[in-house]
Amino acid sequence: MAQVDEKKPRRWHIAVFLAPAVLVYTAIMILPLFGTLQLSLFKEIDNNQVFVGLQNFRTLFGDERWAASFWNALQNNTVFFIIHMLVQNPIGILLAALLSSPKLRLRSFYRTAIFIPTILSFVIVGFAWKLILSPIWGIAPDLLQMVGLKSLFAPWLGKEQYALVTLSLISVWQFVGIPMMLIYAALLSIPDEVIEAAECDGITGFSQFWKIQLPLILPSIGIISVLTFVGNFNAFDLIYTAQGALAGPNYSTDVLGTLLYRTFFGFQLQLGDPNMGSAIATAMFLVILIGVCIYLFGIQTRLRRYQF
Amino acid sequence: MNHSSASFGRSVAAHSILLLYTVIALFPVFVIVINSFKSRKAIFRSPLSLPDEQTFSLIGYQTVLKQGDFFLYFQNSLTVTVMSLFLVLLFGAMAAFALSEYRFKGNSLMGLYLALGIMIPIRLGTVAILKLMVASGLVNTLTALILVYTAQGLPLAVFILSEFMRNVSDDLKNAGRIDGLSEYRIFFRLVLPLVRPAMATVAVFTMIPIWNDLWFPLILAPAEETKTVTLGAQVFIGQFVTNWNAVLAALSLAIVPVLVLYLIFSRQLIRGITAGAVK
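Criteria and thresholds
- Residues numbered from 1 in each chain as written.
- Chains lettered and ligands numbered in written order.
- Predicted model: local features only at pLDDT ≥ 70, side-chain atom pairs only at ≥ 80, totals over all residues.
- Helix = DSSP H or I, 4+ residues; strand = E, 2+ residues; numbered from the N terminus.
- Rg over C-alpha atoms; globule rule 2.2 N^0.38 Å.
- Buried ≥ 20, exposed ≤ 12 C-beta atoms within 10 Å, placed from the backbone.
- Contact = placed C-beta atoms within 7 Å.
- Nonpolar A, V, L, I, M, F, W, Y, C, P; charged D, E, K, R; others polar.
- Domains from an automatic or database assignment.
- pLDDT = per-residue confidence, 0-100.
- Pairing = 2+ DSSP bridges.
- Core = buried A, V, L, I, M, F, W, Y, C linked by C-beta atoms within 7 Å.
- Axes fitted to C-alpha atoms, helices over the stretch in contact; angles between N-to-C directions.
- Parallel < 35°, antiparallel > 145°, perpendicular 65-115°, else oblique.

(A) Looking closely at the overall build of chain A. When helices and strands are counted, chain A shows 14 helices and four strands. Its C-alpha atoms give chain A a radius of gyration of 24 Å, more than 25% over the compact-globule value 19 Å for 308 residues. When each of the 308 residues of chain A is scored for burial, the buried share is 39%. Contacts in chain A between residues far apart in sequence, at least 24 positions, make up 67% of those at least 6 positions apart.

Shown next as structure tokens:
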């Protein structure tokens, strides 16, 4: 290293600049992550941590009750993710496309207003929707009555078959601003010449969006998909505030995050178990890692050629 | 003529869709806030009307301020958010400067290492983080939260800031070097002021998840004296489920600070996103 720069034989300042960030990041993020992976290979026997290899995972996947809760949570998580992909991202793209149309008035008003739910905490969002959908208060049935659909009302959050979809849609409502903003930014960065060329060829309006702009923003859609994936498989707060740690009714809204919380801290009569909790965290880690790898190696490399 | 009426129709359609979605986005917030100023009877009798002379009531806010120590929670949230933000920006900018300015062995490897945290959520390490905090006696202190949020915010901060610092002109820095400024002075005096807009973007991105987080306050600092607003509202609402006035008032109190911050910084946030911070 000394030969790289003659004037400063030892460039201590590089280390000084890097040290605080690397230390905090390593100590609070990376080491605990590996610590958690490691803990999942141990078990507490007579107050001692004993190495048990993959036994916790054998319990998690082999024991009937553990396996049932794990697969239930994973399945719910997948449904949660699919609803986001099918509802949140298309709505986000639609709104962004409308916002980026030239000569639109009130643009910044719409942009600011539609992004507001995204900045609210899950606690606010969870409780606000719980109140609005509550049959006691009656805002939701009243509104449905206005459009003559009162018969459709049901206590959605309290019914097993609707609760998960309802929560997913609440989460969609909250986060639609993120795909909207990112796609909006991507649409703005398309060079004007491309659009002008399309207009010269008579491609305007919807077909212009479909044939010219959409292919060009595919990389951003890829990034949004992976962000949605990581966020969804990490979800906890909304379900915890709206349905409690038990993710009721009857675990129909249980996701990996709430399962991890219950396992780690215990609930009702079951004692908390850090080791099984770590095993679940490790499983979540693997799920997220696989998802990110699919994106990085399967999708992103193919999308590269579209970027400017 | 034909063309202009088609574009008029299109713009009406665009406005009606955007307006419809704006209503959907704001309606729940609106309902919560107006009802928090009404008496209990009026909340149930006409939930969608604005409070008037007869139905106006501050009973919910009185209950909240009497029962929950919201000023303390607010102070805790503010301390945690501001301190974490300061550390994220300072440490993040220093690391970003090192990565973008100097060529050294392992530079890109270090960049990759620091970027890992963008994709992998810090929550997965919770079990071990709690152990670490218990071992170092930091449970139920704001320090624990500040450390965790600093670690959580650093990856994105380093990533965005190093992109921006690559664009700072080399001539300027070299002129500083010829004038005998040390590397530290070049960083603090020349580079930092130039990347201020990027710092503001990072600040907004970092601030919102910290202020809104429920998971770490719940696990690392659930004690009464270290509760944040988000956790305080959660616990308070859990206890007062049937007192609708109090619940609505607590929700409104939790909404207002973020809303004000957002409206102040929204231009910055939008500029940051559209400037390609997240390309």
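(B) Highlighting the overall build of chain B. Assigned secondary structure in chain B consists of 13 helices and zero strands. For chain B, the α and β elements follow one another from N to C terminus as α-α-α-α-α-α-α-α-α-α-α-α-α. The C-alpha atoms of chain B give a radius of gyration of 24 Å, which is well past the 19 Å a tight globule of 279 residues would have. The C-alpha extent of chain B, read off along each of the three principal axes, is 75 × 75 × 35 Å. Counting over 279 residues, chain B shows a buried share of 45%. For chain B, the proportion of contacts with a sequence separation of at least 24, taken over those separated by at least 6, is 75%.

(C) How the structure looks around the interface of chain B and chain A. With 66 residues of chain B in contact, the opposing surface of chain A contributes 62 residues. Per-element tally for the side of chain B that touches chain A: the top contributor is helix α1 (residues 2-36) of chain B, with 12 residues. Looking at side-chain class alone, the side of chain B that touches chain A contains 51 nonpolar, 11 polar and four charged residues.

(D) Region of the structure containing the domain arrangement of chain A. Domain assignment breaks chain A into domain 1 (12-39) and domain 2 (55-115 + 158-306). Between the C-alpha centres of domain 1 of chain A and domain 2 of chain A the distance comes to 28 Å.

(E) Looking closely at the confidence of the model for chain A. Confidence along chain A averages 85 in pLDDT terms, with 94% of residues attaining 70 or more. Low pLDDT (under 50) marks residues 1-6 of chain A, which in the prediction has five contacts with non-local residues, meaning those over four places away or in another chain.

(F) Examining the domain arrangement of chain B more closely. All names here are of chain B. Each domain of chain B was delimited in the assignment, giving domain 1 (2-57) and domain 2 (62-277). With centres defined by C-alpha atoms, the gap from domain 1 to domain 2 works out at 33 Å. Taken together, the contacts link seven residues of domain 1 with seven residues of domain 2. The greatest single-element share of the side of domain 1 that touches domain 2, amounting to five residues, is contributed by α1. Across the side of domain 1 that touches domain 2, the residue classes break down as four nonpolar, two polar and one charged.

(G) Broad picture of the environment of Gln88 of chain A. Residues and elements named next belong to chain A. You can see Gln88 is positioned in helix α3 (residues 64-99). Under the C-beta neighbour-count criterion, Gln88 is labelled buried, with 25 such atoms within 10 Å. Once the C-alpha coordinates of Gln88 and Val176 are considered, the two residues, 88 residues apart in sequence, prove to be 5.4 Å apart.

(H) How the structure looks around the pairing of strand β2 (residues 48-51) of chain A. Residue and element names in this part refer to chain A. As paired elements, strand β1 (residues 42-45) and β2 share four bridges and run antiparallel to each other. Bridged to Lys43 within β2 is Val50. Between β1 and β2, which follow one another and run antiparallel, lie two residues, and Asp46 among them has a positive phi close to 50°.

(I) Layout of the environment of Leu181 of chain B. All names here are of chain B. The residue Leu181 is located in the loop between α8 (170-178) and α9 (183-194) in this model. For the pair Leu181 and Ile43, spaced 138 residues apart in sequence, the C-alpha to C-alpha distance is 65 Å. If we skip the residues at most four places from it in the chain, Leu181 touches Gly176 and Ile186.

(J) Representation of the nonpolar core. Residue and element names in this part refer to chain B. Among the nonpolar cores identified, the biggest contains 166 residues, and Ala95, Val148, Leu161, Ala250 and Leu251 are the most heavily contacted of them. Sort the elements by how many residues they give to this core and helix α7 (residues 142-165) lands first, with 17 residues. When sequence neighbours within four positions are dropped, the list of residues in contact with Ala250 reads Val64, Ala233, Phe236 and Ile237.

(K) Highlighting unusual backbone geometry. In the Ramachandran plot, Leu106 of chain A falls in the positive-phi region, its phi being about 60° despite a non-glycine side chain. The class of Leu106 of chain A is exposed, set by 12 C-beta atoms lying within 10 Å. The backbone of Asn140 of chain B shows a phi angle near 60°, a positive value even though the residue is not glycine. Here Asn140 of chain B shows up in the loop between α6 (126-135) and α7. By C-beta crowding, Asn140 of chain B is classed as partly exposed, having 17 other C-beta atoms within 10 Å.

(L) Highlighting the packing of helix α1 (residues 12-39) of chain A against α6 of chain B. Look at α1 of chain A against α6 of chain B: their axes get within 7 Å of each other, and the N-to-C directions meet at 110°. Classified by the interaxial angle, the pair formed by α1 of chain A and α6 of chain B is roughly perpendicular. When α1 of chain A is examined against α6 of chain B, the residues Ile28, Pro32, Gly35, Thr36 and Leu39 of chain A are found in contact with a partner set consisting of Val127, Ala128, Ile129 and Leu132 of chain B. Its residues placed into classes, the contact of α1 of chain A with α6 of chain B shows seven nonpolar, two polar and no charged.

(M) Spotlight on α6 of chain B. All names here are of chain B. In terms of burial, α6 is largely enclosed, as seven of its 10 residues are buried. Among the residues of α6, Thr126, Val127, Ala128, Ile129, Leu130, Leu132 and Met133 are the ones counted as buried. Of the residues trailing α6, Gly137 is marked for its positive phi of about 70°.

(N) Spatial organisation of the confidence of the model for chain B. Residues and elements named next belong to chain B. Per-residue confidence for chain B gives a mean pLDDT of 86, with 94% of residues at or over 70. Of all helices and strands in chain B, the one with the weakest mean pLDDT is helix α13 (residues 244-277) (76), whereas helix α4 (residues 70-101) scores best (93). Across the whole predicted complex the pTM is 0.85, and at the interface the ipTM reaches 0.84.

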